[in-house]
Amino acid sequence: MKSLRPLLAVVLIVAGCGSTNNSPTPSVGAGPSAAPPSASAPPSLAPSLPATPTTVRLALDWTPNTDHIGFFVARAKGWYRDAAIDLRILPYGTLAPENLLVAHQAECGISFQDSMTFAVAAGADIVSVAAILQKTASAIGVLASSPIQRPRDLDGKTYGSFGYPNEVPTMQAVIKADGGRGDFKVATLDSAAYEALYNKQVDFTIPFTAWEGVEAAKRGIKLRYFQFADYGFPQFYQVVLACDRQWLRKDPDAAKRFVAATAKGFQFAADNADEAAAILVTENPGVFDANRDLPKASQEFLDSGQYLVDANGVFGTQTLERWTGYSKFLFDQGLLVGIDKKPLAAPLDYSKLFTTDFLP
């Protein structure tokens with residue numbers, strides 16, 4: 001699942017972040033991304049730009065996909081160049097983006113509401129500056145041919161797990177909300193959970209519907225989904241843009257220019273799925289050779305479901321209510337661990353998890 005990855009690694013590195021030097025190699029900025037400046041800069045950008053572009057290193061959470069589409073669109077169209085931003089995209093490696101931010105090896109990176117909350121609880125000085133996906137794009141998935149018709153039918157079944165601490169409590173909450181016991185077996189399989197489901201080796205897992213779900217449909221695999229929010233579970237920001245607070249304080253003007261150009265890229269993708277998907281493929285030679293139609297289908301899914309923008313059609317919006325809902329659930333379940341490796345005794349100040357100060 002491209003939006004699930006090891007969360008505990010974030011907790012482990014915070015205390016010793018100053019000693020790490022495993023800096024990934026930036027992707028090459030030449031080639032398809034070396035587009036000429038666009039005819040006009042985004043109107044929200046400051047009129048006075050520095051003579052030397054500001055380098056911004058962006059840490060990816062996975063191989064390029066539609067969660068990242070706005071960055072590649074903005075880069076290809078020259079909007080970062082117009083904003084005097086030299087974007088260096090760091091390919092995903094062994095360290096989570098949150099760890100790279102903590103170690104000051106990246107200015108910004110792809111994160112998720114749960115990952116952000118885990119990291120900040122553990123002492124990471126990072127913050128979300130924009131919501132990339134406005135709502136949850138993951139769901140409980142079962143084979144459409146199975147007799148499982150609703151979450152309470154999952155009692156006694158086998159869950160294909162990715163091994164992260166918030167999975168089982170989330171499944172239990174949904175099953176109990178539907179009148180079940182929340183009692184099921186767990187097989188920890190990581191990304192092999194998808195094929196295990198398709199091959200009937202497990203009964204349910206959590207596909208990212210905008211990617212694995214779309215891919216399964218293209219393969220002719222029919223799934224039935226149970227949306228978390230349909231059973232009282234709080235909606236949450238599936239994907240967010242996180243940044244190093246120290247960098248934001250040091251160069252707020254560059255941060256605003258970077259976020260504004262990024263917002264323009266994602267706004268374009270929200271309105272032009274096919275062209276944006278074509279740019280994503282062109283900007284990443286070889287990545288989608290096995291399934292060149294998947295980015296287009298995924299982006300069309302995201303756009304039709306209004307995942308990239310809020311109810312007013314605006315990208316990046318974040319609210320305290322949405323940040324509080326899921327992050328409070330993580331605290332209530334005793335999953336948030338502090339710098340001392342012990343569960344937090346008091347909830348976080350959820351307003352510190354995000355900022356809207358850098359949005360255009």
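In short, a report on the structure. What you see is a predicted model, and the numbers here were worked out from it, not measured in a lab.

**Focus on the packing of aromatic side chains**
Phase 1: If you walk through the whole model with that rule in mind, you get 18 aromatic pairs.
Phase 2: Between Tyr 80 and Phe 258 the ring centres are 5.8 Å apart and the planes differ by 20°, which places this aromatic pair in the stacked class. Within this pair, whereas Tyr 80 is found in helix α3 (residues 79–82), its partner Phe 258 is found in helix α10 (residues 252–271), the two being separated by 178 residues in sequence.
Phase 3: Given a relative accessible area of 0%, Phe 258 falls into the buried group.
Phase 4: An aromatic cluster of three or more residues is present, and its members are Phe 228, Phe 233, Phe 236, Tyr 326 and Phe 329.
Phase 5: One Lys or Arg, Lys 135, reaches over the ring of Tyr 307 and ends 4.8 Å from the middle of that ring.
Phase 6: Above the plane of the ring of Tyr 237 lies Arg 322, whose end atom (NZ or CZ) is 5.8 Å from the centre.

**With respect to the sheet that holds strand β4 (residues 126–131)**
Phase 1: With mixed pairing, five strands are arranged side by side in an open sheet as β2-β1-β3-β9-β4. What marks the edges here is a single partner per strand, and that holds for β2 (85–90) and β4. The sheet shows a mean angle of 30° between the axes of neighbouring strands, direction not considered.
Phase 2: In the packing of helix α2 (residues 69–76) onto the sheet, contacts are made with β1 (54–59), β2, β3 (108–111) and β9 (240–244), and the angle to β2 comes to roughly 140°.

**Some details on the pattern of salt bridges**
Phase 1: One pass over the full model with this rule turns up 15 salt bridges.
Phase 2: The salt bridge partner of Arg 57 is Glu 107, with a shortest N-O separation of 2.6 Å. You can see Arg 57 sitting in strand β1 and its partner Glu 107 sitting in the loop between α4 (97–102) and β3, a full 50 residues away along the chain.
Phase 3: Asp 155 is the salt-bridge partner of Arg 181, the closest N and O atoms lying 4.0 Å from each other.

**Concerning the nonpolar core**
Phase 1: In terms of nonpolar packing, the biggest core is built from 56 residues, with Ile 126, Ile 140, Met 171 and Phe 204 touching the most fellow members.
Phase 2: Excluding its chain neighbours within four sequence positions, the residues that come into contact with Ile 126 are Glu 98, Leu 101, Val 102, Met 116, Ala 119, Val 120, Cys 243, Asp 244 and Arg 245.
Phase 3: The next biggest cluster of nonpolar side chains, apart from the first, holds 55 residues, and it includes Val 56, Trp 79, Ile 132 and Val 259.

**Quick notes on α2**
Phase 1: Counting buried residues in α2 gives eight out of eight residues, a clear majority hidden from the surface.
Phase 2: Among the residues of α2, those classed as buried are Ile 69, Gly 70, Phe 71, Phe 72, Val 73, Ala 74, Arg 75 and Ala 76.
Phase 3: Count one or two residues on from α2 and you reach Gly 78, which has phi positive near 80°.

**What to know about the environment of Ala 144**
Phase 1: Structurally, Ala 144 can be placed in the loop between β5 (140–143) and β6 (158–161).
Phase 2: In this view, Ala 144 contacts Lys 222, Leu 223 and Arg 224; residues no more than four positions away in its chain are not counted.

**Observations regarding the environment of Gln 333**
Phase 1: By the secondary structure assignment, Gln 333 is in the segment after α13 (320–332).
Phase 2: When its relative accessible area of 38% is taken as the criterion, Gln 333 is described as partly exposed.
Phase 3: Along the chain, Gln 333 and Pro 165 lie 168 residues apart, while their C-alpha atoms are 10.0 Å from each other.

**A short note on the packing of α2 against helix α11 (residues 273–283)**
Phase 1: Put simply, α2 and α11 touch, their axes get as near as 9 Å, and they point 80° apart. When the axis of α2 is compared with that of α11, the two are roughly perpendicular. Mapping the contact onto sequence places Ile 69, Phe 72, Val 73, Arg 75 and Ala 76 in α2 and Ala 276, Ala 277, Ile 279, Leu 280 and Glu 283 in α11.
Phase 2: For the contact of α2 with α11, the class distribution of residues is eight nonpolar, no polar and two charged.

What counts and how
Residues numbered from 1 in each chain as written. Predicted model: local features only at pLDDT ≥ 70, side-chain atom pairs only at ≥ 80, totals over all residues. Heavy atoms only, no water. Phe/Tyr/Trp six-rings, centres within 6.5 Å; stacked < 30°, edge-to-face > 60°. Helix = DSSP H or I, 4+ residues; strand = E, 2+ residues; numbered from the N terminus. Buried < 20%, exposed > 50% of the residue type's maximum accessible area, 1.4 Å probe, protein only. Lys NZ or Arg CZ within 6 Å of the ring centre and 35° of its normal. Pairing = 2+ DSSP bridges. Axes fitted to C-alpha atoms, helices over the stretch in contact; angles between N-to-C directions. Contact = heavy atoms within 4.5 Å. Salt bridge = Lys/Arg side-chain N within 4 Å of Asp/Glu carboxyl O. Core = buried A, V, L, I, M, F, W, Y, C linked by side-chain atoms within 4.5 Å. Parallel < 35°, antiparallel > 145°, perpendicular 65-115°, else oblique. Nonpolar A, V, L, I, M, F, W, Y, C, P; charged D, E, K, R; others polar.

These figures capture arrangement, not role.
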